[in-house]
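Below, each chain spelled out in residue letters.
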Amino acid sequence: MTQQPKDTTEYWRWQEYHRVRSEKSWSNKDVITAGIDVGSVGSKAAIMIDGDMYAWAVTRTGSNSPDSAKKVLGMVLEDTGLQLDDIKYTVGTGYGRVNVPMANKAITEIACHAKGANYIWGPSVRTILDVGGQDIKAIHCDETGRVTSFLMNDKCAAGTGRGMEVFADLLKIPIEDIGKVSLSLDEEPEPVSCTCVAYAKTEAVGLLRKGWTREKVLAAYTRAMAVRMANLINRVGLEKEFVITGGQSKNMGIVSRIENILGVKTLPSPNWREGGLDPMIAGAAGAALFGKALYAKSQGS
Amino acid sequence: MITHYGYIDGSGEYFIVIDSDKCSGCQKCVQQCPQQALEMVTEFVDLEDKNVAAVSELHRKKIRYTCAPCKPQDNQTPCVLACEEKAISCVWKPL
Amino acid sequence: MVTTAGIDMGIQTVKIVILKDGEVVARAKAFSGFEPTKAAEQAYAEALSAAKISSEEVSNVSATGSGMDMAPYASGTVSMMGADAKAGVFLFPSARTVIDVGAEEARAVKCDERGIMMDFVVNERCAAGAGAFIEAMARALEVKMEDMGPLSLKAKRASPINATCVIFGESDVVSLIHRQESKPEIARAVFDAMADRISSMVHRLGINPDVVLVGGVAKDVGFIESLKRKLGLTILVPEHPEYAGALGASLTAASRVKGDHK
């Protein structure tokens, strides 16, 4: 029997990057604030000048939250000319928010996500589905980005970013292609009845042996995950000004299926690949905006 | 802010719903809950920190089991009855 | 003289029990693999030869388990909950609650003194409440699954890990390893997490003593210890807990022969 060379490709690995809007400039008179969102899978940072986005960064969260916060803050400051001392107020958010050492305050990610979505998509946003690495949140907010209703799912990997990473590895499809591949069939297969990611490891292999293509397996699972997510949104109340944030907002397979199930289109997202705001940084953006408001409050204005 | 604690799965819908805008922070529900499933948490609203009742972190993932002994079908659980502000409700729809 | 057989078509393994006048005369099992029917045929032949009987001597074959519709030879089926109740009371006449924790499913059954099921609760298809959880954590810990139990008994305390999802539990185990937590303590944490899940499930049903634990995971001393601590009760465990479903099916087959089963 010939030994297959071991495949060491990290199919789950997604792009880490930072971006500066070089067309903007800052001076010492500006209120420069930072938002740091340490999620279970990704860490995000945003720097704002007087409440306007200047720079952001996205990286993978390591095993230690304070280190991840420092790393992403270091990344976001690159090429900005800013020093740590120039930042007037820093807000930490996300799953690791209490472990952001440089933060002046920690605020829950729910409040930050709604605020950030309001900034990225504008005041018409009412329903936000945040699909993060470790959980799925359905948020309903008002025109100021204030949360009115909120629901978080049971801690289960099905449909989360972590679950998708497992699929990428299992089917040997780079994670950034997962959405496209899942949509490459002419006919949508029935969703699988069991969404458990741990069982999928064995069940997907069984389906492949039965002659299913990788595309069909992926489509059937993505469909099942989308059904789960759509159920959560219906509970908090769906309005047509609807957006998806978090890492999975980049998964077209998830986004288009949710739209199809709910019968509602998401508001068009900025193109993050071409310098537009990244839907993944909604939490960090909201945190930086709260930073600005809290700084103003602390100055008594 | 209305927070829905619980979940929907193949066996039905299970939610404890708390409206923190109505919550006065009196803690009566926390004292009345026979399962010690409620606690006070800090919520950030309108740039202020407010102390409000919430389902504790420990019980958030197993509401269906934690709350089962109260037999909430009629929605008159100790937490719901304890709240003078009517900030708590529950939804219990097993299939 | 009545000889009957029960086939438990489990997700991971197929189990067979042959009963002769109310006594177990043979047991056999095989991995289900991708051809569970074939696996069952093999295990059945093995059980017949162990019992030194021919297939003509078996008056009734009944099947249970998630793949019961694929069982060969069977003239009838019995629900997994029904089989658990029958087997539990047969093994321990005082049993009123039977907890069955298998490789991929867990359930608890409330029953009466005749072994008739009164009520039940099942863990919907989620790996966190079944043997698959221990298996995945053992892999993350680089420990053989059968060594997990004895290892956990050496622990002095437990570190909490995520018990609600195998995928997240794995990450928790990896970070505990990074924090240089000892293996016995992590193993103990795994069983405590799992026992927490199962006891929550049983509490939903309400506990009627005596409590019997069956299914493949009932062979694990680490899990038994954690579940005892969590429930605060003694738990009865039979000698061959993984055969409870097949035994229940065989008992059902026997009552079908006697004609007292509706």
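Residues numbered from 1 in each chain as written. Chains lettered and ligands numbered in written order. Predicted model: local features only at pLDDT ≥ 70, side-chain atom pairs only at ≥ 80, totals over all residues.

Section: the nonpolar core
The tendency in soluble globular proteins is for nonpolar side chains to be buried as a group.
Line of reasoning, step 1. Grouped together as the largest cluster of nonpolar side chains are 213 residues, with contacts concentrated most on Ile36(A), Ala45(A), Ala46(A), Ile7(C) and Val190(C).
Line of reasoning, step 2. Top contributing element to this core by residue count: helix H6 (residues 214-236) of chain A, with twelve residues.
Line of reasoning, step 3. Dropping the residues within four chain positions of it, Val190(C) is found in contact with Ile134(C), Met137(C), Met148(C) and Ile161(C). (Core = buried A, V, L, I, M, F, W, Y, C linked by C-beta atoms within 7 Å. Buried ≥ 20, exposed ≤ 12 C-beta atoms within 10 Å, placed from the backbone. Helix = DSSP H or I, 4+ residues; strand = E, 2+ residues; numbered from the N terminus. Contact = placed C-beta atoms within 7 Å.)

Here we look at unusual backbone geometry
Line of reasoning, step 1. Residues Pro209(C) and Asp210(C) are joined by a peptide bond in cis, for which omega reads 0 degrees.
Line of reasoning, step 2. Relative to the helices and strands, Asp210(C) resides in the loop between helix H6 (183-205) and strand S9 (211-214).
Line of reasoning, step 3. We note that Lys86(B) has phi near 55 degrees; this positive angle belongs to a residue other than glycine.

Some remarks on the interface of chain A and chain C
Line of reasoning, step 1. With 16 residues of chain A at the interface, the matching set in chain C holds 15 residues.
Line of reasoning, step 2. When contributions to the side of chain A that touches chain C are tallied by element, the ones reaching two or more residues are helix H3 (161-171) and helix H5 (197-209) of chain A.
Line of reasoning, step 3. It is H5(A) that provides the largest number of residues to the side of chain A that touches chain C, a total of five residues.
Line of reasoning, step 4. Considered class by class, the residues forming the side of chain A that touches chain C number eight nonpolar, four polar and four charged. (Nonpolar A, V, L, I, M, F, W, Y, C, P; charged D, E, K, R; others polar.)

Overview of the domain arrangement of chain C
Residue and element names in this part refer to chain C.
Line of reasoning, step 1. Taken domain by domain, chain C consists of domain 1 (1-92 + 242-262) and domain 2 (93-237).
Line of reasoning, step 2. Spacing between the C-alpha centres of domain 1 and domain 2 amounts to 26 Å.
Line of reasoning, step 3. Taken together, the contact pairs 17 residues of domain 1 with 23 residues of domain 2.
Line of reasoning, step 4. With eleven residues, helix H2 (residues 80-91) is the largest single contributor of residues to the side of domain 1 that touches domain 2.
Line of reasoning, step 5. When the residues that make up the side of domain 1 that touches domain 2 are grouped by side-chain class, the tally is ten nonpolar, four polar and three charged. (Domains from an automatic or database assignment.)

Digging into the environment of Thr9(A)
Line of reasoning, step 1. Residue placement: Thr9(A) occurs in the segment before strand S1 (17-20).
Line of reasoning, step 2. Spatially, the C-alpha atom of Thr9(A) lies 8.8 Å from that of Pro174(A), the residues being 165 residues apart in sequence.

Quick notes on the sheet that holds strand S4 (residues 52-60) of chain A
Residues and elements named next belong to chain A.
Line of reasoning, step 1. Taken in spatial order, the six strands of this open sheet run S1-S4-S3-S2-S5-S6, and their pairing is mixed. Of all strands in the sheet, those with a lone pairing partner are S1 and strand S6 (105-106), marking the two edges.
Line of reasoning, step 2. Along the sheet, helix H8 (residues 282-298) makes contact with strand S2 (32-38), strand S3 (42-49), S4, strand S5 (89-93) and S6, crossing S2 at roughly 140 degrees. (Pairing = 2+ DSSP bridges. Axes fitted to C-alpha atoms, helices over the stretch in contact; angles between N-to-C directions.)

A short note on the sheet that holds S9(C)
Residue and element names in this part refer to chain C.
Line of reasoning, step 1. Ordered in space as S8-S7-S6-S9-S10, the five strands form an open sheet in which the pairing is mixed. Each edge of the open sheet is held by one strand with a lone partner, namely strand S8 (117-122) and strand S10 (235-236).
Line of reasoning, step 2. Note that strand S6 (residues 97-101) and strand S7 (residues 106-111) share five bridges and pair antiparallel. Residue Thr97 lies in a different strand from S7, and its bridge partner there is Lys110.
Line of reasoning, step 3. With respect to the sheet, H2 is in contact with S6, S7, S8 and S9, its orientation differing from that of S7 by roughly 60 degrees.

Considerations on H6(A)
Line of reasoning, step 1. For H6(A), which comprises 23 residues, the first-to-last C-alpha distance of 34 Å matches the rise-based estimate of 33 Å (1.5 Å per residue) to within 8%.
Line of reasoning, step 2. Just beyond H6(A), the residue with positive phi is Gly237(A), at close to 100 degrees. (Expected span 1.5 Å × (residues − 1).)

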